[in-house]
Amino acid sequence: MKSLYAVIGKPIAHSMSPVMHNDLFQHYELDAHYHAFAIEPDDLADAVKGFRAIGISGFNVTVPHKVAIMPLLDEIDPLARSIGAVNTVVNENGRLIGYNTDGSGFVLGLKNKFDDLESKKVLIIGAGGAARAIYFTMAHVGVKHLDITNRTITKAENLANDCPYSVNTSILQLEEAENRLGAYDIIIQTTSIGMAPQTECEPLSLHNLSKNAFVSDIIYNPLETRLLKMAREKAANTQNGIEMFVNQGALAFEKWTGIMPDTSRMTTKVLTQLGGTKC
Ligand code: NAP
């Protein structure tokens, strides 16, 4: 019988996950299908009950359900528990187990670029859900110096205080971060500033950016945010949010099927869907 996989969220119509995962199922000759379901917050518990009844093999969880899903599952992986959000669920013999592959997906991309990631000096811009997954996962893999800047300082302080892993962190006002920018090897932009349709904004000035810095923006619509364009013009290396999106999907696929899929194939599929080219 065909296995069923899904993504639940609201809105969900523009999710690229169905195209990406259905292509993988076909490529690896797996008799499975992945479907997007728009689920209202009030219907989440019923949806999970329905998934249990039909014996779903696994599913992804996106905005606004990543936190609310947790009490509805049978077990939560320790990293996802500490992050406080689940984006991937695996059905193991009727038990629904929750994981978070957002942070791991991002860190996988960085590890492929830096052999010495642990010793890099990193600045995270933002303190929302995505920042939380990235900060906790980077601390978990041993990155020693991770500073945070955010519009709302208390949110950044809470994020750092909640982290169970040992890491050296300063919380900076945006202006302070701008002044000290030259000291960072890696800058990770995790706010929604610059995302379509408001593409003409950036969260901070790159005036003091070091030439050798690596600037990552986890937004993928547009493929090059204003911040990334400014970083590229200052000769820094840049990365958009496609790699994080593809890697979180690849890690979910691996948990479901035991196969670590071809991320290059996935990237091409996503970019085709977005109407862009590889960058
Ligand atoms: P979130 O939890 O709502 O956090 C939003 C962050 O943006 C907070 O730090 C917030 O600051 C900041 N922010 C929002 N509007 C702002 C403004 N006008 N001025 C200054 N700061 C502002 O959102 P999230 O889930 O972390 O997602 C953030 C972004 O990451 C979105 O663009 C999302 O599409 C992207 N994302 C990408 C991937 C991927 O796979 N590539 C995965 C997840 C998310 P305050 O704390 O001050 O409100």
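Given the structure is predicted, the values throughout are model-derived calculations rather than measurements.

K.L.:
Quick question: what am I supposed to make of the site of the ligand here?
P.N.:
Around the ligand, the structure places 20 residues, and the nearest of them are G129, A130, N150, T152 and I218. Between the ligand and R151, the relevant distance is 2.9 Å, taken from an oxygen atom to a side-chain nitrogen or oxygen of the residue. Note that an oxygen atom of the ligand is positioned 3.3 Å from one of the side-chain N or O atoms of K155. Burial of the ligand by the surrounding chains reaches 71%, relative to a free accessible area of 920 Å². Listing elements by their share of the shell around the ligand, those giving two or more residues are α5 (129–140) and α9 (242–257). Its residues placed into classes, the shell around the ligand shows nine nonpolar, nine polar and two charged.

K.L.:
Where do I start with the environment of H207 in this structure?
P.N.:
With respect to the helices and strands, the residue H207 is situated in the loop between β10 (186–189) and β11 (214–217). Given the relative accessible area of 64%, H207 is considered exposed. Spatially, the C-alpha atom of H207 lies 13 Å from that of L228, the residues being 21 residues apart in sequence.

K.L.:
Would you explain the packing of aromatic side chains in this entry?
P.N.:
The relative placement of two aromatic rings is captured by the distance of their centres and the angle of their planes. Across all of its chains, the model carries ten aromatic pairs by this definition. Consider the rings of F25 and F253, whose centres lie 5.4 Å apart with planes at 40°: the pair is tilted. In this pair, F25 sits in helix α1 (residues 17–27) while F253 sits in helix α9, placing the two residues 228 residues apart along the sequence. These aromatic residues form a ring-pair network of at least three members: Y5, F25, Y28, Y34, F253 and W256. The ring of Y184 carries the charged tip of K121 above its face, separated from the ring centre by 5.3 Å. One cation-aromatic arrangement involves K255 over Y99; the distance from NZ or CZ to the ring centre is 4.3 Å.

K.L.:
What is the right way to read the UniProt feature "domain: Quinate/shikimate 5-dehydrogenase/glutamyl-tRNA reductase" (unreviewed entry) in the chain from this model?
P.N.:
Per the UniProt record, the feature "domain: Quinate/shikimate 5-dehydrogenase/glutamyl-tRNA reductase" (unreviewed entry) sits at residues 111–192. Helix and strand shares over residues 111–192 are 37% and 20% respectively, and the end C-alpha atoms of the span are 24 Å apart.

K.L.:
Sorry if this is basic, but what is going on with the sheet that holds strand β7 (residues 121–125) here?
P.N.:
Sheet strands line up and pair through hydrogen bonds in the backbone, either parallel or antiparallel. Spatial ordering of the open sheet is given by β9-β8-β7-β10-β11-β12, a layout of six strands whose pairing is parallel. A single partner strand is all that each edge strand has here, and the edge strands are β9 (171–172) and β12 (237–239). Pairing between β7 and strand β8 (residues 145–149): five bridges, direction parallel. Bridge assignment links K121 to a residue of β8, and that residue is H145. Along the sheet face, helix α4 (residues 102–111) touches β10, β11 and β12 and points at about 150° away from the line of β10.

K.L.:
Can you walk me through the domain arrangement of the chain in this structure?
P.N.:
For interface size, the figure often reported is the accessible area lost on association. Once the domains are mapped, the chain shows domain 1 (3–99 + 243–274) and domain 2 (104–239). Summarising the inter-unit geometry, the C-alpha centres of domain 1 and domain 2 are found 26 Å apart. Between domain 1 and domain 2, roughly 1,300 Å² of surface is buried when both sides are summed, and carbon and sulfur atoms account for 73% of that area. Of all residues in domain 1, L79, I83 and M244 bury the most surface against domain 2, accounting for 42% of the area lost on that side. Where domain 1 touches domain 2, the interface holds one salt bridge. Linking E243 and K113 is a salt bridge whose minimum nitrogen-to-oxygen distance equals 2.7 Å. Inspection of the region where domain 1 meets domain 2 yields five residue pairs in polar contact (both at pLDDT 80 or more). For the side of domain 1 that touches domain 2, the secondary structure elements donating two or more residues are α3 (78–83), α9 and α10 (263–274). Sorting elements by how many residues they give to the side of domain 1 that touches domain 2 places α9 first, with six residues. The class makeup of the residues in the side of domain 1 that touches domain 2 is ten nonpolar, three polar and one charged.

K.L.:
Can you help me understand the nonpolar core in this one?
P.N.:
One broad trend across soluble globular proteins is that nonpolar side chains are buried collectively. The biggest cluster of nonpolar side chains holds 30 residues, and the ones touching the most others in it are L110, Y135, M138 and I188. Every element with two or more residues in this core is listed here: α3, α4, β7, α5, β8, α6 (153–162) and β10. Take this core: its biggest share by element is seven residues, from α5. If you count residues domain by domain, this core takes at least three from each of domain 1 (3–99 + 243–274) and domain 2 (104–239). Residues within four places of L110 in sequence aside, it is in contact with L117, M138, I186, I188, F214 and Q239. In this structure, L24, Y34, A252 and V270 belong to the second largest nonpolar core, which totals 23 residues.

Cut-offs applied
For every chain, the first residue of its written sequence is number 1, and the numbers climb from 1 along that sequence. Only residues with pLDDT of 70 or above have their local features reported here, since the model is predicted, and side-chain atom pairs are shown and tallied only from 80 upward, although totals for entire chains, interfaces and linings are computed over all residues. Side-chain numbers here rest on the full set of heavy atoms in the structure, without hydrogens or water. Nearness of a residue to a molecule or strand requires only that one of the residue's heavy atoms be within 4 Å of it. Each polar contact in these results corresponds to two N or O atoms within 3.5 Å; when the atoms are within protein, one needs to be able to donate a hydrogen and the other to accept it, and residues that are neighboring in sequence are counted only if both atoms are side-chain atoms. To measure how exposed things are, a 1.4 Å probe is used in the Shrake-Rupley method; for residues, cover is taken only from the protein chains shown. Note on conventions: DSSP H or I runs of at least 4 residues are helices, E runs of at least 2 residues are strands, and numbering of each starts at the N terminus. Ten residues, namely Ala, Val, Leu, Ile, Met, Phe, Trp, Tyr, Cys and Pro, are considered nonpolar, four, namely Asp, Glu, Lys and Arg, are considered charged, and the remaining ones, Gly among them, are considered polar. Each residue's exposure class comes from its accessible area (1.4 Å probe, protein chains only) as a fraction of the maximum for that residue type: buried when under 20%, exposed when over 50%, partly exposed otherwise. Pairing of aromatic side chains here covers Phe, Tyr and the six-membered ring of Trp, requires ring centres within 6.5 Å, and sorts the geometry by plane angle: under 30 degrees stacked, over 60 edge-to-face, intermediate tilted. A positively charged side chain is recorded as over a ring if its NZ (Lys) or CZ (Arg) lies within 6 Å of the ring centre. The angle to the ring normal must also be within 35 degrees. UniProt positions are given in the numbering used here, feature names are shortened, and annotations may be inferred rather than shown by experiment. Any two strands are treated as partners once DSSP identifies two or more bridges connecting them. Residue contacts are defined here by distance: any two heavy atoms, one from each residue, within 4.5 Å place the two residues in contact. Orientation is described by lines fitted to C-alpha atoms, with helices fitted over the stretch in contact, and by angles between N-to-C directions that extend from 0 to 180 degrees. Note that domain bounds follow an automatic or database assignment of domains. Joining two parts hides part of their accessible area as seen by a 1.4 Å probe, and the buried area is that hidden amount summed over both. Any carboxyl oxygen of Asp or Glu within 4 Å of a side-chain nitrogen of Lys or Arg constitutes a salt bridge here. As used here, the term nonpolar core means buried Ala, Val, Leu, Ile, Met, Phe, Trp, Tyr and Cys residues forming a set that is joined through side-chain atoms within 4.5 Å.

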